[in-house]
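Here is how the chains run, residue by residue.
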Amino acid sequence: MTTTAPALVDFDDVLARYEPTLGLEVHVELSTATKMFCGCPTDFGAEPNTQVCPTCLGLPGSLPVVNQAAVEAAIRIGLALNCSIAPWGRFARKNYFYPDMPKNFQTSQYDEPIAVNGWMDVQLEDGEVVRVGIERAHMEEDTGKSLHVGGADGRIHGAEYSLLDYNRAGVPLIEIVTKMIPDTGARAPEVARAYVTQLRDLIKSLGVSDVRMDQGSMRCDVNLSLSPTGSGVLGTRTETKNVNSLRSVERAVRFEMQRQAGVLDGGGSIVQETRHFEEQSGSTRPGRRKETSEDYRYFPEPDLVPIAPSAEWVEELRGTLPELPWEHRKRIQEAWGLSDEELRDLVNAGALELIEATVAEGAPAGEARSWWVAYLAQQANMRGVELADLPITPAQVARVIALVAAGDLNNKLARQVVDGVLAGEGEPDEVVEKRGLKVVSDDGALIAAVDEALAAQPDVVEKIKGGKVQAAGAIVGAVMKATKGQADAKRVRELIIERCS
Amino acid sequence: MSDLTRLTAAELATRIHTGDVSAVEAAQAHLDRIAEVDGEVHAFLHVGAEAALANAALVDEAIKAGTAPASPLAGVPLALKDVFTTVDMPTTCGSKMLEGWRPPYDATLTARLRAAGITIMGKTNMDEFAMGSSTEHSAYGPTRNPWDLSRIPGGSGGGSAAALAAFEAPLAIGTDTGGSIRQPAAVTGTVGVKPTYGGVSRYGLVACASSLDQGGPCARTVLDAALLHEVIAGHDPLDSTSIDAPVPAVVEAARIGAQGDLSGVRIGVVRELGGEGYQPGVRASFDAALRRLEKLGAEIVEVSCPHFEYGLAAYYLILPSEVSSNLARFDAMRYGLRVDKGASAEEVMAATREAGFGPEAKRRIILGTYALSSGYYDAYYGQAQKVRTLISRDFAAAFEQADVLVSPTAPTTAFPIGEKVDDPLAMYLNDLATIPTNLAGVAGMSVPSGLAEEDGLPVGLQVMAPALGEAVMYRVGAAFEAARDADEGGPLIARVPEVAK
């Protein structure tokens, strides 16, 4: 029996009748050197099952030991989100069977999270600020990864067989849960996206995770419910998983609002369920329905002693918090004299940090900015990679800028040097050397070229001698052509005037 | 040479270290003894003859080279309960689930035995995953009590205790979750010690109930147990619950105790452990033990621990709860038994667990799953934890009035095989007197106190001490042992009949 899903309701119509309430659960994989409860490395992309030990494989007899670096990171995240840090807390076991979970329980903080009751002010595009309450941030371990082969759309159901990779099992995770976010109306999708974006930037600034949604080191679940406008009654919520990009966060909220309104309009009721976001269609579909509601049988993890961060330590960690990314941006905006739009473009292009790093290497802000947003952005675009993933460092860009400033390179040659660096030919100076790109400023060679050009165009020489200095441009062009662009144009002009006077 | 098997570990060690006997001879004598009697006793699940002789040869080489022995027990044979992981021998925990499983790592305790030069003879039989009081719940058949082969050797560590009583090894290792070291010691006329929780590392001890399990020494004399205690105890960074404190000087305490003076020592008789339910011969032996302790100069005081009566009930909620979670990992996905029945991972897991676990393991998994279920947690697990706290307080109050507490170790002598195997409640009552120490994490030991008049079978005296109070416990145990042996014309174990073949 198939039932046709009710049609999606037009977004504006949704808002005419319903109020959305949002909730966001974000999982962040910490970039600690080792896993949450053992000494295995956490590097992304290693050969399957090479970063495992008895503990993260859950072998009989193995025991967990808490990674202090993960606790420290969790506390710093909690503090940055204005949370209270619990002076004492235990881990719990969340019991359920799944092949990618080696112990068939997940060790997680359950009712004693390390950080509670905080907030973050989220700024929207037009400058409006929404304060998002933070319910809690807690530590837990990641599961392994399953690869289901032979079934429909990669799900375990109907798969012929599954491959398991436990490299990720036991990687430290922080789960950050918002309080319910009410009253966002039409801006719900935008608020969701802005929150996740800002959270990502915040965590990145703390240096505790690389927060790459594309690599799964940051994952987002979107909770959404609708209530009839003015009713004051909270609707039933759905939890949408597999929302793996900032854009998807926005789309998932939007889709669920339209879908739920359709169900409600048709007199149906929303089923409290887990749904999966489909990247291609931008829609959500229900997860596998369970006959019984899951009972995780939580109880305190007896293999671990409670975590009890001292007040002194918490204060010490508070002292290590960096400038908040949005405050930092404001400061940069003022220092560089950027408009809001210019700043936003830099941030969206992922260029801000790169430009800052280039400036830190001694380059003037203007040139640094111009390289990253123009030529390099174009190169990244052509290669289909993120700006930060181009094989060139801010230090190398700064060196190119310095060579131009010193007159050793002109802009055209500088671009060739950058091409060389991007092609893996080495440091800028090496590329200059190997490709022979240095500006020709040796007067001997230049004078010969200038004299040759002057001899070829006696009429122009007459004009210059007659005081029409601007006519020298034609000779400059000829010299540049003869020297394949390597001549220092300024020096060429000087020599032309000299020879004609 | 067969009399080598009759020596105490201390005596045998002296003869090996002085070059009087080689460690290889000692190992071979015990291997011969195992070959001679273990067909009847069935103490061992696996005998590692080759590795045992290789270790012994290394000890001999070191002695020949004039190197100091690795420990006071170097070269002495030992029987290891099959619940500790060993890289060179299978580790089955008495379960079909792990038949033939070769762990890729050594337990910390195993590693310490090896580092001490102790010769590990093999792995001993046990109730499946250490759940039982008779070793009848081993998937590999019961162990028989050398005092009467038709009777049980206690459990879960019946194999280790029987190996001692049958002179198959002078030393053994057990684990004690609710009495699994002490009750087998009592019914086989041997010595068994449950150290303070956290005193001996659990890393590599396949968990039954994590908050209760404790590995400990088993021997035929108190001094031997003390020597072994000092080898295996001490902080382990791989076990979060391991205590970071110096190991109590138990060898020295045992030597002092053996001098036979207990003046100034207050011994508390727990009123609640002296009531109904004891076999007359057990009762009589205990009363005689009290008189003997008084004669040694100890002051006997009566103490009350009013919450002990709830101990058994609390234990049978906490233990199965932890078991249900600890045993979840046996799911056929990574190691151990796999029953490929059904099309999905879930079906394979279910079929494997159905086939792999015995009835007692299943019973406790079901009990624990129920006790942790939502809606029942507070009434069962939560209440049980409160009882646990109350029992700890009872102990604290009692230890204000007495240095050690005493009781009979078990309510009866060894019962016939088959008598209680189908009556779980009767079986559980065996641990009535031993369970409170596990719930409170304090130390306990069983020393032979005599033979019951009505059946001529061994009875044990339980001595309990505060956390890390093992020194006074060993002192009392050794003093009692020396006095009993002097009065009775030799050690009790000398009266064990020769195993009938």
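These figures come from a predicted structure and were not determined experimentally.

Draft legend 1. Spotlight on the overall build of chain B. Scanning chain B from N- to C-terminus turns up 16 helices and 11 strands. For chain B, the C-alpha radius of gyration of 21 Å lies close to 23 Å, the compact-globule estimate for 501 residues. Scored against the burial criterion, the 501 residues of chain B give a buried share of 64%. Taking the intrachain contacts of chain B between residues at least 6 apart in sequence as the baseline, contacts between residues at least 24 apart amount to 77%.

Draft legend 2. Region of interest: helix H5 (residues 158–165) of chain B. All names here are of chain B. Taken across its eight residues, H5 has eight buried, putting it largely inside the fold. Where H5 is concerned, the buried positions are Gly158, Gly159, Ser160, Ala161, Ala162, Ala163, Leu164 and Ala165. Of the residues one or two after H5, Phe167 is the one with positive phi, at around 60°.

Draft legend 3. Spatial organisation of the interface of chain A and chain B. The interface of chain A with chain B comprises 27 residues on the first partner and 33 residues on the second. Partitioning the side of chain A that touches chain B into residue classes produces 17 nonpolar, five polar and five charged.

Draft legend 4. Main features of the sheet that holds strand E10 (residues 443–451) of chain B. All names here are of chain B. Pairing within the open sheet is mixed, and its 11 strands lie in the order E1-E3-E2-E4-E6-E5-E10-E11-E9-E7-E8. Bordering the open sheet on either side are strand E1 (44–47) and strand E8 (299–303), each of which pairs with just one other strand. Strand-to-strand twist in this sheet, taken as the mean axis angle between neighbours without regard to direction, amounts to 30°. The sheet contacts of helix H2 (residues 23–41) involve E1, strand E2 (77–81) and strand E3 (119–124), and relative to E3 the element is tilted by about 20°. Helix-sheet contacts for helix H13 (residues 378–401) involve strand E7 (266–270), E8 and strand E9 (404–408), and the interaxial angle to E7 is about 140°.

Draft legend 5. Geometry of the packing of helix H7 (residues 222–232) of chain B against helix H16 (residues 470–488) of chain B. Residue and element names in this part refer to chain B. One way to put it is that H7 packs onto H16 with a least axis distance of 9 Å and a crossing angle of 155°. What the angle tells us is that H7 and H16 run roughly antiparallel. Together, Val222, Leu223 and Ala226 of H7 and Tyr474, Gly477, Ala478 and Glu481 of H16 make up the contact between the two elements.

Draft legend 6. Seen up close, the packing of helix H2 (residues 68–80) of chain A against helix H3 (residues 188–206) of chain A. Residue and element names in this part refer to chain A. Where H2 meets H3, the closest approach of the two axes is 10 Å, and the angle between their N-to-C directions is 130°. By the angle class used here, H2 and H3 are oblique. Once H2 is placed against H3, the crossing between them reads as right-handed. Between H2 and H3, the residues in contact are Arg76, Ile77 and Ala80 and Leu202, Ile203 and Leu206, respectively.

Draft legend 7. How the structure looks around the domain arrangement of chain A. All names here are of chain A. Structurally, chain A comprises domain 1 (11–293 + 305–313), domain 2 (325–435) and domain 3 (443–500). The centre of domain 2, based on its C-alpha atoms, is set 33 Å off from the matching centre of domain 3. Domain 2 puts four residues into the contact, and the matching count from domain 3 is four residues. Residues of the side of domain 2 that touches domain 3, tallied by class, amount to one nonpolar, two polar and one charged.

Draft legend 8. Expanded view of the environment of B:Val323. Residue and element names in this part refer to chain B. Counting through the fold element by element, Val323 comes out in helix H10 (residues 311–326). When the C-alpha atoms of Val323 and Thr67 are compared, they prove to be 45 Å apart, with 256 residues separating the residues in sequence. Aside from chain neighbours lying at most four places away, what touches Val323 is Cys208, Ala209, Arg364, Ile365 and Gly368.

Draft legend 9. Looking closely at the confidence of the model for chain B. In this model, chain B carries a mean pLDDT of 96, and residues with pLDDT of at least 70 account for 99%. This prediction of the complex comes with two scores: 0.87 for pTM and 0.96 for ipTM.

Draft legend 10. Expanded view of the nonpolar core. Grouped together as the largest cluster of nonpolar side chains are 179 residues, with contacts concentrated most on B:Leu73, B:Leu78, B:Cys218, B:Ala254, B:Val404, B:Val463 and B:Val476. For B:Leu73, the residues in contact, after removing those within four places along its chain, are B:Ala9, B:Ala13, B:Ala116, B:Ile118, B:Leu171, B:Leu227, B:Leu228 and B:Val231. Among the nonpolar cores identified, the runner-up in size contains 69 residues, and A:Val28, A:Cys83, A:Val211 and A:Val222 belong to it.

Draft legend 11. Main features of helix H16 (residues 489–500) of chain A. Residue and element names in this part refer to chain A. Given a rise of 1.5 Å per residue, 12 residues ought to cover 16 Å, and the 17 Å separating the end C-alpha atoms of H16 matches this to within 8%. Every buried residue of H16 is listed here: Val492, Leu495 and Ile496. One face of H16 carries all of its buried residues, which in axial projection span an arc of 105°.

Draft legend 12. Local environment of the pairing of E9(B). Residue and element names in this part refer to chain B. Counting buried residues in E9 gives five out of five residues, a clear majority hidden from the surface. Summarising the sheet, E7 and E9 pair through three bridges and their orientation is parallel. Within E9, the residue paired with Val269 across the bridge is Val406.

Draft legend 13. How the structure looks around the pairing of E2(B). Residues and elements named next belong to chain B. For E2, the tally of buried residues reaches five of five residues, placing the bulk of the element in the interior. Of the two faces of E2, both are covered, the one formed by Pro77, Ala79 and Lys81 as well as the one formed by Leu78 and Leu80. As paired strands, E2 and E3 are joined by five bridges and run parallel to one another. Counted as the bridge partner of Leu78 is Ile120 from E3. On the question of chirality, the crossover connecting E2 to the parallel E3 by way of helix H4 (residues 108–115) is right-handed. Where E2 meets strand E4 (residues 171–175), three bridges bridge the pair, whose relative direction is parallel. Counted as the bridge partner of Leu80 is Ile173 from E4.

Conventions adopted
- Residues numbered from 1 in each chain as written.
- Chains lettered and ligands numbered in written order.
- Predicted model: local features only at pLDDT ≥ 70, side-chain atom pairs only at ≥ 80, totals over all residues.
- Helix = DSSP H or I, 4+ residues; strand = E, 2+ residues; numbered from the N terminus.
- Rg over C-alpha atoms; globule rule 2.2 N^0.38 Å.
- Buried ≥ 20, exposed ≤ 12 C-beta atoms within 10 Å, placed from the backbone.
- Contact = placed C-beta atoms within 7 Å.
- Nonpolar A, V, L, I, M, F, W, Y, C, P; charged D, E, K, R; others polar.
- Pairing = 2+ DSSP bridges.
- Axes fitted to C-alpha atoms, helices over the stretch in contact; angles between N-to-C directions.
- Parallel < 35°, antiparallel > 145°, perpendicular 65-115°, else oblique.
- Left-handed = near helix turned anticlockwise from the far one by under 90°.
- Domains from an automatic or database assignment.
- pLDDT = per-residue confidence, 0-100.
- Core = buried A, V, L, I, M, F, W, Y, C linked by C-beta atoms within 7 Å.
- Expected span 1.5 Å × (residues − 1).
- Arc of directions from axis to C-beta.
- Right-handed = clockwise from strand over helix to strand, strands pointing away.

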